[in-house]
Every structure is written in structure tokens, then in C-alpha cells.
Amino acid sequence: MSARTEAYDKEQVYAEYYPRVLKYIINRSYIRMDAEDIAQTVFVKVFGKWDTFDPLKSSVSTWIYNITRNTLIDHQRAMSYRQHDELSETLVDDSDDVLNRLVLEEEQERLAAALETLSVEERDLIILHYYSQYTLLHIAEMMHRPYGQIKRLHVKALDKLKREMDK
């Protein structure tokens, strides 16, 4: 283990982040069994890339979130290819459902891209608040920052996301 990652215990990281990653994946409309498989893939990647983690570039949560997001994108692409093959073989009656899912996937990709435009601190705040469901007060304590400052950072981050999503 490199000096950069020795401050983090793999078992502790897994215990803390696996439930969050699983919840995030399930919230992306995956059934639990598939979500568990994807979450396991995420942590195989996390620990396979463990020595490349640099705490000076991002927090552990942001790093794991990015790996999770990229794994989901890869999984969605693979599913899209399979579904395309299946769709070309059969006539689909519920095209509205397919269209709605495609729109949702596109929105998720736009949101992921919009998150990338935020600073590391803003992105961490949004992920902790909306995906891990921490209160702003708890996040302020975690970040060792005054609550008012976190509230302002939250508003600023949401404004940036809204502008990016409106493009």
C-alpha cells in the first residue's frame, strides 16, 4: 500500500461505503440483485486501483463515487448494446417505456457531467447530502466548516448544477 492510501483501511472503507454505493445504484432503477453485482464490481475496481488514489486530488467518497458512476455508465452501455440486439429481433409494443428510460438515462448522464463541473468540495457536499443523505449540519461537522458556510456552498453548488443542466 502506498503512503497515500495507508491512512485508509480497506475493510473500513468497504464497510462505510458499500451500503452507500448499493443505495446509489438501487436508486438508479436497478433491482437489488443486479445492484449488488454492480456494487461488488465497483469495489473490485476500487481495491484494484487502491494505490492510484490520491487524497490530494479528491476525497475517498468522491473517488469511489466517480468509479461507481463510471461502472454504471459501462454497465448501461453494455445493457444498451444487449437491449438493442434484443429490440432488433422483436417488435416492441411499449415504446413509451423505452423512450422514458432513454430520457432518464440521458438525464442521469447530463447530471453526472454537470457534477464534474463542480469543485471537489461542492461535489462532495452534493454527494454527501443527496446520495448519502447527510444533513447539511452533519456535513459541516464532517468538513470542519461553519454551518452557514456549508449552506452557502450548497446554494452555490445547486445554482451551478442548474445552469449546467439548463444548457
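Residues numbered from 1 in each chain as written. Predicted model: local features only at pLDDT ≥ 70, side-chain atom pairs only at ≥ 80, totals over all residues. Heavy atoms only, no water.

Turning to helix α5 (residues 120-131), a few remarks are in order. Taking 1.5 Å per residue as the helical rise, α5 with its twelve residues ought to reach 16 Å, and the 15 Å between its terminal C-alpha atoms agrees with that figure. Among the residues making up α5, those that are buried are Glu 122, Arg 123, Asp 124, Leu 125, Ile 126, Ile 127, Leu 128 and Tyr 131. One or two steps after α5, the chain reaches Gln 133, where phi turns positive at roughly 60 degrees. (Helix = DSSP H or I, 4+ residues; strand = E, 2+ residues; numbered from the N terminus. Expected span 1.5 Å × (residues − 1). Buried < 20%, exposed > 50% of the residue type's maximum accessible area, 1.4 Å probe, protein only.)

Here we come to the confidence of the model for the protein chain. Across the protein chain, the average pLDDT comes to 81, with 83% of residues at or above 70. In this model, residues 1-5 is a region of pLDDT below 50 whose contacts with residues beyond four sequence positions or in other chains number 13 contacts. Per-residue pLDDT stays below 50 along residues 87-93; that stretch engages in two contacts with residues further than four places along the chain or on separate chains. (pLDDT = per-residue confidence, 0-100. Contact = heavy atoms within 4.5 Å.)

Within the secondary structure layout, Ile 126 lies in helix α5. A C-alpha to C-alpha distance of 9.7 Å links Ile 126 and Leu 136, two positions ten residues apart in sequence. With residues near it in sequence (within four places) discarded, Ile 126 still touches Leu 115, Leu 118, Tyr 131, His 154, Ala 157, Leu 158 and Leu 161.

Attention now goes to the packing of α5 against helix α7 (residues 147-166). Running from N to C, α5 and α7 point in directions that differ by 95 degrees, and their axes come no closer than 9 Å. Our classification of the angle between α5 and α7 gives roughly perpendicular. In contact with Glu 121, Glu 122, Leu 125, Ile 126, His 129 and Tyr 130 of α5, α7 contributes Ile 150, Leu 153, His 154, Lys 156, Ala 157, Leu 158, Lys 160 and Leu 161. For the contact of α5 with α7, the residue count by class is eight nonpolar, two polar and four charged. (Axes fitted to C-alpha atoms, helices over the stretch in contact; angles between N-to-C directions. Parallel < 35°, antiparallel > 145°, perpendicular 65-115°, else oblique. Nonpolar A, V, L, I, M, F, W, Y, C, P; charged D, E, K, R; others polar.)

Right, let's talk about helix α1 (residues 10-26) for a bit. For an α-helix, the turn length of 3.6 residues means that residues three or four places apart are oriented alike. Taking 1.5 Å as the rise per residue, α1 with 17 residues should run 24 Å; its terminal C-alpha atoms sit 23 Å apart, in good agreement. Approximately 35 degrees is the largest bend angle found in α1, and it occurs at Tyr 17, with the proline Pro 19 only one to four residues beyond. Along α1, the residues classified as buried are Val 13, Tyr 17, Tyr 18, Arg 20, Val 21, Leu 22, Tyr 24 and Ile 25. (Bend = angle between axes of the 7 residues up to and from the residue.)

This next bit is on the packing of α5 against helix α6 (residues 136-143). Running from N to C, α5 and α6 point in directions that differ by 135 degrees, and their axes come no closer than 10 Å. Classed by the angle they form, the pair α5 and α6 counts as oblique. In the packing of α5 onto α6, the handedness of the crossing is right-handed. Of the residues in α6, those touching α5 at Glu 121, Asp 124, Leu 125, Leu 128 and His 129 are Leu 136, Ile 139, Met 142 and Met 143. Across the contact of α5 with α6, the residue classes break down as six nonpolar, one polar and two charged. (Left-handed = near helix turned anticlockwise from the far one by under 90°.)

A word on the packing of aromatic side chains. Given two aromatic rings, one states the distance between the centres and the angle between the planes to describe the pair. Scanning all chains against the criterion turns up ten aromatic pairs. On the basis of an interplanar angle of 50 degrees and a centroid distance of 5.1 Å, the ring pair of Phe 53 and Trp 63 is categorised as tilted. In this pair, Phe 53 sits in the loop between α2 (32-48) and α3 (60-89) while Trp 63 sits in helix α3, placing the two residues ten residues apart along the sequence. The exposure classification of Phe 53 matches that of Trp 63, with both residues buried. (Phe/Tyr/Trp six-rings, centres within 6.5 Å; stacked < 30°, edge-to-face > 60°.)

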